[in-house]
Amino acid sequence: MAESSTSTPHSNILQSKTDATSPRFEKNMRAMAELMAQIHNEQEQIQQGGGPKAIEAQHTKGRLTARERIALLIDPETEFRELGLYTAYGMYEEWGGAPSGGVVTGLGRVHGRLFMLIVNDATVKAGAFFPMTSKKVIRAQNIAIDNKIPTIYLVDSAGVFLPLQEDVFPDTDDFGRVFRNNAVMSAMGIPQIAAIMGMCVAGGGYLPVMCDHILMTEGSGLFLAGPALVQAAIGQKYTAEELGGAKMHAQIAGTIDFREENDEACLTRIRSLVDKMGNRDSISSPFSVTESEEPLFAAEEIYGIVESDTSKPYDMHEVIARIVDGSKFDEYKAEYGKTLICGYARIGGHAVGIVANQKTHVHHTDSHTGEKRVEFGGVIYTESADKASRFIMDCNQNLVPLIFLHDVNGFMVGRDAEWSGIIRAGAKMVNAVSNSVVPKISVIIGGSFGAGHYAMCGKAFDPRFVFAWPTARYAVMSGAAAAGTLVEIKIKQLERGGKKLTDEDKKQLFDETKATYDRQTDPRYGAARLWIDSIIDPLETRQALIDALEAVSLNPDVPKFNVGVLQT
């Protein structure tokens, strides 16, 4: 039987009987509109933070306000869903009030991905923490924990508001819980990025340092105690820059990952880092892939960059610039541990983290003594190993595949190296590589010797692919070093037996030993034994990596990352 054209509507569609022209409807409309006008006016007032003078003072320092920072950070033409705007409303009037608790929190999208944003408002009592400030930050963290939302902190705070310290410092839902939550979120695999864009002092200094990525702008300060307190406590006089400036933390302490010129550069860097983060819940692959972009420089130039004499220095940045998309490279801790280069890039659209040996000699300031020294290219020092360990862990936390570019002589030796804890740092790096769960791909460009080979993800550490250039050398030590050691032992044995060798005899013995050892370090020797998957033309490096990255992306199963006990 045909359905009647006058049949009743589908049963799950609600029908409205509201009369929008009735007096009651119009009265309700006016009442609600008046109430919302009041709320909007209050919200606009709260969003002024400390007011026009405080905003002007922030701009005078060359810094943006909290809301200006958020506007630059989130995707254009998207909405910031603010949470907790009315925090501390009508409270702390005896102290001049604390609009919105002196911190802005809410949800925003960065490169399409939803983030919890926690942003100090330095126009409100220099961003100091009132009792409700702590509770608001903890509430935002709890939302992130419950929903596994990655979190970005923009830090600009004078620390605890001292007149109310007893209500900020000690309890379960007070200041300390913020740092506890940092650690819990990290263990849960929730990415956290922190940028120090002003002051970050006393206990508050732990928040950014417990995050995955740490950025810092010039003119900012990060220290447990400021100059006045240090002078009062131990009688030493230092400037704020000496104690905890961005340059010090980038070059000497190695605390921060990126030193940025200003707020705008810092926010741009955060967006670049977010762009390369993977996502475990992605339907296709957990790793970030975008449209490919050709490098700015010709691959053919690699032939002239890498020295034919592998003992001579060259700049590994020049190689990287001819492999990665658009020659764009976000270098991690660029001013610290410089004999290892670490950073984020894309290759064929695939996000990658790169760990590469730097072959140029570099200048370094000792983090303990302040002494300056020259570090040899291709050698892993304590600071380099510490840096690489943290970088490898960050890549695992953010689901970024790792590329290792080998040209390593080994770890530094000698008294100074041993005193600096080179064995501990090396063990940490080996641990991080061993337990890494993201795909790892190794390219042996030059030397790959001894424990340095292990730390750079040698065959025993499960790289998905191992490629080698014809210039690769692969052994416990170089032919010359091995021959020198072995010949010295042989000469002593012969001399103990009463045989005296001439200089010509010694040279012949050295040359014979070196020739044997050189043959065994040749990449063809390793390829014959399947230590190497493929010997590639250096010009094919980019395409070989693209093919490998496409292959590793076919397996979306990434176990939970856990390094166990680290030697710190």
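Residues numbered from 1 in each chain as written. Predicted model: local features only at pLDDT ≥ 70, side-chain atom pairs only at ≥ 80, totals over all residues. Heavy atoms only, no water.

## Quick notes on the overall build of the protein chain
Phase 1: Across its full length, the protein chain holds 20 helices and 20 strands.
Phase 2: In the protein chain, which comprises 568 residues, the share counted as buried stands at 49%.
Phase 3: Taking contacts inside the protein chain between residues at least 6 apart in sequence as the whole, the part at least 24 apart equals 72%.
Phase 4: Of the roughly 27,700 Å² of accessible surface on the protein chain, a fraction of 55% belongs to carbon and sulfur atoms.
Phase 5: Charge centroids of the protein chain, computed over 57 positive and 71 negative side chains, lie 4 Å from each other. (Helix = DSSP H or I, 4+ residues; strand = E, 2+ residues; numbered from the N terminus. Buried < 20%, exposed > 50% of the residue type's maximum accessible area, 1.4 Å probe, protein only. Contact = heavy atoms within 4.5 Å. Areas by Shrake-Rupley, 256 points an atom, 1.4 Å probe, with all protein chains shown as cover. Lys, Arg positive; Asp, Glu negative; His and termini not counted. Charge placed at Lys NZ, Arg CZ, Asp CG, Glu CD.)

## As for the packing of helix 4 (residues 131–147) against helix 5 (residues 175–187)
Helices that pack against each other are described as a pair by the angle of their axes relative to one another and the distance between those axes.
Phase 1: The N-to-C vectors of helix 4 and helix 5 enclose an angle of 20°; their axes lie 9 Å apart at closest approach. Put simply, helix 4 runs roughly parallel to helix 5. The element helix 4 and its partner helix 5 pack so that their crossing is left-handed. Counting all contacts with helix 4, which are made through Ser 134, Val 137, Ile 138, Gln 141, Asn 142, Ala 144 and Ile 145, the residues of helix 5 involved are Phe 175, Arg 177, Val 178, Asn 181, Asn 182 and Met 185.
Phase 2: Class assignment for the residues of the contact of helix 4 with helix 5 results in seven nonpolar, five polar and one charged. (Axes fitted to C-alpha atoms, helices over the stretch in contact; angles between N-to-C directions. Parallel < 35°, antiparallel > 145°, perpendicular 65-115°, else oblique. Left-handed = near helix turned anticlockwise from the far one by under 90°. Nonpolar A, V, L, I, M, F, W, Y, C, P; charged D, E, K, R; others polar.)

## Here we look at a nonpolar patch on the surface
Phase 1: A cluster of nonpolar side chains, namely Met 32, Leu 35 and Met 36, defines an oily patch on the protein surface of about 280 Å² accessible area.
Phase 2: The residue Leu 35 is located in helix 1 (residues 23–46) in this model. (Patch = residues over 30% accessible without salt bridge, like charges linked within 9 Å, V, L, I, M, F, W, Y side chains within 5 Å. Salt bridge = Lys/Arg side-chain N within 4 Å of Asp/Glu carboxyl O.)

## Let's talk about the packing of aromatic side chains
Phase 1: By the definition in use, this model includes 14 aromatic pairs.
Phase 2: Consider the rings of Tyr 92 and Phe 130, whose centres lie 4.9 Å apart with planes at 40°: the pair is tilted. Here Tyr 92, found in the loop between strand 1 (81–83) and strand 2 (103–110), pairs with Phe 130, found in the loop between strand 3 (113–120) and helix 4; they are 38 residues apart in sequence, far enough to count as distant. The same class applies to Tyr 92 as to Phe 130, namely buried. (Phe/Tyr/Trp six-rings, centres within 6.5 Å; stacked < 30°, edge-to-face > 60°.)

## Quick word on helix 5
Phase 1: Buried within helix 5 are the following residues: Phe 175, Val 178, Phe 179, Asn 181, Asn 182 and Met 185. Seen from one end, helix 5 has its buried residues packed into an arc of 155°, which puts them on one side. (Arc of directions from axis to C-beta.)

## Points about helix 15 (residues 422–435)
Phase 1: Taking 1.5 Å per residue, 14 residues should reach 20 Å; helix 15 reaches 20 Å between its end C-alpha atoms and fits that length.
Phase 2: Listed as buried for helix 15 are Ile 422, Ala 425, Gly 426, Lys 428, Met 429, Asn 431, Ala 432 and Val 433. (Expected span 1.5 Å × (residues − 1).)

## With respect to the pattern of salt bridges
Phase 1: Considering all chains together, one arrives at 27 salt bridges under this definition.
Phase 2: Ionic pairing is found between Lys 333 and Asp 257, a salt bridge with its closest N-O pair at 2.9 Å. With Lys 333 in the loop between strand 9 (330–332) and strand 10 (340–347) and Asp 257 in the loop between helix 9 (246–251) and strand 8 (258–260), this pair connects stretches of sequence that are 76 residues apart.
Phase 3: Lys 333 gets classed as buried once you look at its relative accessible area, which sits at 7%.
Phase 4: For Asp 394, the salt bridge identified is with Arg 390, shortest N-O distance 3.0 Å. Of the two residues, Asp 394 and Arg 390 both sit in helix 13 (residues 382–397), four residues apart, roughly one turn of that helix.
Phase 5: What you see here is one network of salt bridges that share partners, running through Glu 260, Arg 269, Lys 276 and Asp 330.

## Quick word on the packing of helix 3 (residues 66–73) against helix 10 (residues 263–275)
Phase 1: Running from amino to carboxyl end, helix 3 crosses helix 10 at an angle of 40°, the nearest separation of the two axes being 9 Å. Here helix 3 lies oblique to helix 10, going by the angle between them. Along this stretch, helix 3 crosses helix 10, giving a crossing that reads as right-handed. Note on element contacts: helix 10 touches helix 3 through Asp 263, Glu 264, Leu 267, Ile 270 and Arg 271, opposite Arg 69, Leu 72 and Leu 73.
Phase 2: For the contact of helix 3 with helix 10, the residue count by class is four nonpolar, no polar and four charged.

## Structural notes on the pairing of strand 4 (residues 151–157)
Phase 1: In terms of burial, strand 4 is largely enclosed, as seven of its seven residues are buried.
Phase 2: Side chains of strand 4 alternate between two faces, with Thr 151, Tyr 153, Val 155 and Ser 157 and Ile 152, Leu 154 and Asp 156 buried alike.
Phase 3: Pairing of strand 3 with strand 4, which is carried by four bridges, proceeds in the parallel orientation. Each bridged residue has a counterpart across the sheet, and for Ile 118 the counterpart in strand 4 is Tyr 153. (Pairing = 2+ DSSP bridges.)

## Let's talk about empty space enclosed by the protein
Phase 1: The final tally for this structure, using the stated rule, is four cavities of 30 Å³ or more.
Phase 2: Those elements that place two or more of their residues in the lining of the largest cavity are strand 3, strand 4, helix 5 and strand 5 (192–201).
Phase 3: Looking at which element gives the most residues to the lining of the largest cavity, the answer is strand 4, with four residues.
Phase 4: Lining of the second largest cavity is provided by His 213, Leu 273, Lys 276, Met 277, Tyr 344, Asn 398 and Val 400.
Phase 5: Here the residues of the lining of the second largest cavity sort into four nonpolar, two polar and one charged. (1 Å grid on protein atoms, 1.4 Å probe; cavity = no way out; pocket = protein on both sides within 12 Å on 5 of 7 lines; lining within 4 Å. Points joined across faces, edges and corners; volume = space filled by probe spheres on them.)

## Here's the deal with the layout of surface pockets
Phase 1: Its boundaries defined by the atoms lining it, the largest pocket holds a volume of some 830 Å³.
Phase 2: Surrounding the largest pocket, 32 residues form its lining, Ser 186, Met 188, Gly 189, Ile 190 and Gln 397 being those nearest its centre.
Phase 3: Every element with two or more residues in the lining of the largest pocket is listed here: helix 5 and helix 13.
Phase 4: Here the lining of the largest pocket takes five residues from helix 13, the largest share from any one element.

## Let's talk about the environment of Ala 455
Phase 1: Topologically, Ala 455 is positioned in helix 16 (residues 450–455).
Phase 2: Sequence separation of Ala 455 and Ile 532 is 77 residues, and the distance between their C-alpha atoms is 17 Å.
Phase 3: If we ignore the near neighbours within four places in the chain, the residues touching Ala 455 are Ile 380, Phe 404, Phe 411, Met 429, Val 430 and Val 433.

## Re the side chain of Asp 174
Phase 1: Relative to the helices and strands, Asp 174 resides in the loop between strand 4 and helix 5.
Phase 2: Asp 174 sits in the buried class, given a relative accessible area of 3%.
Phase 3: Here the side chain of Asp 174 touches Lys 135 through a polar contact of 3.5 Å, side chain to side chain.
Phase 4: With residues near it in sequence (within four places) discarded, Asp 174 still touches Ser 134, Lys 135, Ile 138, Asp 167, Val 168 and Phe 169. (Polar contact = N/O pair within 3.5 Å; in protein donor to acceptor, adjacent residues only side chain to side chain.)

## A word on the nonpolar core
Phase 1: Ranked by size, the top nonpolar core spans 58 residues in total, and within it Leu 117, Ile 152, Leu 154, Ile 270 and Val 355 carry the most contacts.
Phase 2: Among the elements that take part in this core, helix 13 stands out by supplying six residues, more than any other.
Phase 3: Once residues lying within four places of it in the same chain are set aside, the contact partners of Ile 152 are Leu 73, Val 110, Phe 115, Met 116, Leu 117, Ile 118, Ile 193, Ile 270 and Val 274.
Phase 4: Counting residues in hydrophobic clusters, the runner-up holds 31 residues, among them Val 103, Ala 140, Ile 143 and Ile 196. (Core = buried A, V, L, I, M, F, W, Y, C linked by side-chain atoms within 4.5 Å.)

Keep in mind these values describe shape, not function.
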